[in-house]
Amino acid sequence: MTLATRNHFIRIATLTVLVFVLLTLAAFILILVRNEDIPALAQARTIGFLSDFILTPYSPMAAIAAITLFPLLSFIGLIYILFAFEKTQTTEITFFAACVFIVALEGVRILIPVYSGWMTAGFYISAISRVVLFCRLFTTLCLLSSIIFTTGQTSQQIGPSIFLMAFFSFSLVNVVPFNSANLSTSFFIIPGYSQMIFLFMGVLGLLSSVSYLVQGKLRNAKEYTRAAGGILLILIGYSLLSFCDSWLFFASGTILLIQGTWLYLKQIHRYYLWQ
């Protein structure tokens, strides 16, 4: 993939996400205007052991605000990448841009509160949950690939690599069972074998951070070492916002995700600035 081709794809992705931002904001405003009660989910919190914790009371509006925030953060991230790395040929940013773009798909969860999806279990909310799980798997794989494929991967192989990751993620989410009657407070159906799937994604995420740390030591590049910290913050912040159903999760997840993304992009930009 040439630099011009990459920038062209990022521009298309940015415009696509902009449309998605406008749609999710419109849906968010519609929910506020309706001011509907969401009592059916109060006992189905994603992180159950925090149900009785005084600092994390259940708030459906916090979950809806987090869903709306994802496309907006994706749009801002793509804008920054487009301008900061417009003339920089870097494998890491190509994969990271794909990661930032696909994160916007978290916004499809807003369709559930818009159409009172908790009232009608079935294909509708199962399909949305599969899209979201695809998003999370693909994002984790992109973060790991962004460092693995810098060691010998040519720029012409980046496109096929991203396609293979998307195909793998799509294949996996289509064989995972979903119980559409078990909707969580974050407007996402917890999949069957959820512990194994979340452990798998957690291990991939941890490997991503460790891989950047190792590359930093091997290349004697402090920027990579600091970028490893950025990856870790991104993963923690993303997890908190993904399972967000309280304002504490919303605030801490937003801060960590923004700080991690800024730290990662800043360090990668600094590293290639001197190459």
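As the structure is a prediction and not an experimental result, all values here were calculated from the model.

1. Let's talk about a nonpolar patch on the surface
Then, number 1: Taken together, Leu206, Val210, Val214, Leu218, Leu232 and Ile236 make up a surface patch of nonpolar side chains, about 530 Å² in accessible area.
Then, number 2: Sort the elements by how many residues they give to the nonpolar patch and helix α7 (residues 194-218) lands first, with four residues.
Then, number 3: If you trace the backbone, Val214 turns up in helix α7.
Then, number 4: Look at Val214 and you get partly exposed, because its relative accessible area is 41%.

2. Here we look at helix α2 (residues 60-84)
Then, number 1: A rise of 1.5 Å per residue sets the reference length of α2, with its 25 residues, at 36 Å; its end C-alpha atoms lie 36 Å apart and thus fit the reference within 8%.
Then, number 2: A bend of about 25° at Leu69 is the largest found in α2, and the proline Pro71 appears one to four places after it.

3. Quick notes on unusual backbone geometry
Then, number 1: Of note, Phe187 is a non-glycine position whose phi angle comes to about 60°, a positive value.
Then, number 2: Along the chain, the position of Phe187 falls in the loop between β1 (178-183) and β2 (189-191).
Then, number 3: Taking the relative accessible area as the measure of exposure, Phe187 reaches 0% and is therefore buried.
Then, number 4: With a phi angle near 55°, Asn220 is a residue other than glycine that sits in the positive phi range.
Then, number 5: Turning to its location among the elements, Asn220 is positioned in the loop between α7 and α8 (222-242).
Then, number 6: A relative accessible area of 69% means that Asn220 is categorised as exposed.

About the thresholds
- Residues numbered from 1 in each chain as written.
- Predicted model: local features only at pLDDT ≥ 70, side-chain atom pairs only at ≥ 80, totals over all residues.
- Heavy atoms only, no water.
- Patch = residues over 30% accessible without salt bridge, like charges linked within 9 Å, V, L, I, M, F, W, Y side chains within 5 Å.
- Areas by Shrake-Rupley, 256 points an atom, 1.4 Å probe, with all protein chains shown as cover.
- Salt bridge = Lys/Arg side-chain N within 4 Å of Asp/Glu carboxyl O.
- Helix = DSSP H or I, 4+ residues; strand = E, 2+ residues; numbered from the N terminus.
- Buried < 20%, exposed > 50% of the residue type's maximum accessible area, 1.4 Å probe, protein only.
- Expected span 1.5 Å × (residues − 1).
- Bend = angle between axes of the 7 residues up to and from the residue.

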